[in-house]
Amino acid sequence: MSATSAAPARAHRAKRARTGSAVPNGVWGLIGIVIFLGIWELIPALGIVQAAYLPPASEVLMTLFADFMLTAFWVAVGETLLAWFIGLAIAVLLALVLGLAIGMSSFLRRATNSTIEFLRPIPSVALIPLAVLMFGTKIESSLMLIIYACFWQVLIQVLYGVADVDNVAMQTARSYGFSRFQRIRDVIFPTMLPYLMTGIRLGAAVALILAITAELIIGSPGLGKEIQLAQSGGAIAGMYALIVATGLLGVVINLCMRVVEKRVLSWHASVRGEVIA
């Protein structure tokens, strides 16, 4: 293609890029939220669903803003986040250690494959009776469910990451006399790290879900327990406000995890390409 014919094509692409970027993604997201809240406001107003079961969005948001002023609300948020953080941290540590040990040994991979495939699909909520039997309504019950659910998310990603290590690089490291620790640090870990961060990001969302679930069903302290108390006390608007708060908390956690992932993987091609784009 000649320079003369290529110039209009480049101009067209530049114009299309400017047009597409005229409205930032954040604005579209805000528009979507406004539309959703408008539909929510209309549903009880039009009698599609009784306001006793679905209060208007304005009432729920006013209740949520009132909750922001209450110390008890932030105490419940702190209890949920505490269970989330401790459970996720323990799960990541266990999955990282076991994933490296299993992934680096062909014997352990074959020996544990059937066990992993059997245990991984078991839903964490099936362990609720056992958690209540062992720990009652204390935070340990929530931690048991969170650790079990998040462990598999991270372990599978670590195993994928170790399996993706270039065999030539490993053989080269051995020929240069690298110790096992050096091979893990300089060859395996850089390849595995993107997989690990993906597992942590997925596990963070699962950890919040299980923390709220445990608080709802078991009665462990936190936002889930407050939702259950609001429902049983007939404070329907307060219940919806707390549900919205859990959604906002999930959004904040996801954004924070993405920021951490980008910083940790700033050297990786996928992140550098995303930043350049």
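Cut-offs used in this document
- Residues numbered from 1 in each chain as written.
- Predicted model: local features only at pLDDT ≥ 70, side-chain atom pairs only at ≥ 80, totals over all residues.
- Heavy atoms only, no water.
- Axes fitted to C-alpha atoms, helices over the stretch in contact; angles between N-to-C directions.
- Helix = DSSP H or I, 4+ residues; strand = E, 2+ residues; numbered from the N terminus.
- Parallel < 35°, antiparallel > 145°, perpendicular 65-115°, else oblique.
- Contact = heavy atoms within 4.5 Å.
- Nonpolar A, V, L, I, M, F, W, Y, C, P; charged D, E, K, R; others polar.
- Core = buried A, V, L, I, M, F, W, Y, C linked by side-chain atoms within 4.5 Å.
- Buried < 20%, exposed > 50% of the residue type's maximum accessible area, 1.4 Å probe, protein only.
- pLDDT = per-residue confidence, 0-100.
- Polar contact = N/O pair within 3.5 Å; in protein donor to acceptor, adjacent residues only side chain to side chain.
- Patch = residues over 30% accessible without salt bridge, like charges linked within 9 Å, V, L, I, M, F, W, Y side chains within 5 Å.
- Areas by Shrake-Rupley, 256 points an atom, 1.4 Å probe, with all protein chains shown as cover.
- Salt bridge = Lys/Arg side-chain N within 4 Å of Asp/Glu carboxyl O.

Things to note about the packing of helix H4 (residues 71-103) against helix H5 (residues 106-119)
So, step 1. Contact pair H4 / H5: the axes reach a minimum separation of 8 Å and the direction vectors enclose 130°. It follows that H4 is oblique to H5 by the angle criterion. For the pair H4 and H5, the contacting residues are Ala101, Ile102 and Gly103 in the first and Leu108, Arg109, Thr112 and Ile116 in the second.
So, step 2. Taken together, the residues that form the contact of H4 with H5 break down as four nonpolar, two polar and one charged.

Some points on the nonpolar core
So, step 1. Counting 67 residues, the largest nonpolar core has Leu145, Leu196 and Leu223 as the members making the most contacts within it.
So, step 2. Elements represented by at least two residues in this core include exactly helix H3 (57-68), H4, helix H6 (128-135), helix H7 (139-163), helix H8 (167-175), helix H9 (180-217), helix H10 (223-232) and helix H11 (236-264).
So, step 3. With 16 residues, the top contributor of residues to this core is H7.
So, step 4. Beyond its immediate chain neighbours, meaning those up to four positions away, Leu223 contacts Phe73, Ala76, Val77, Thr80, Ile212, Glu215, Leu242, Thr246 and Leu249.

Structural notes on the confidence of the model for the protein
So, step 1. With 88% of its residues at a pLDDT of 70 or more, the protein has an overall mean of 86.
So, step 2. Mean pLDDT per element in the protein: helix H1 (residues 3-20) is the minimum at 50, and H4 is the maximum at 95.
So, step 3. Within the model, pLDDT remains below 50 along residues 1-6, and this stretch shows two contacts once partners closer than five positions in the same chain are excluded.

Quick word on the side chain of Thr213
So, step 1. With respect to the element layout, Thr213 can be found in helix H9.
So, step 2. A distance of 2.7 Å separates the side chain of Thr213 from the backbone oxygen of Ile209, its partner in a polar contact.
So, step 3. With sequence-adjacent residues up to four places away left out, Thr213 is seen in contact with Val125 and Ile218.

Let's talk about the environment of Ser58
So, step 1. Counting through the fold element by element, Ser58 comes out in helix H3.
So, step 2. Given a relative accessible area of 35%, Ser58 falls into the partly exposed group.
So, step 3. Residues Ser58 and Trp40 lie 18 residues apart in sequence; the distance between their C-alpha atoms is 9.1 Å.

Re a nonpolar patch on the surface
So, step 1. A surface patch of nonpolar side chains, amounting to about 480 Å² of accessible area, comprises Val27, Trp28, Ile31, Ile35 and Ile39.
So, step 2. Among the structural elements, Ile35 can be located in helix H2 (residues 25-45).

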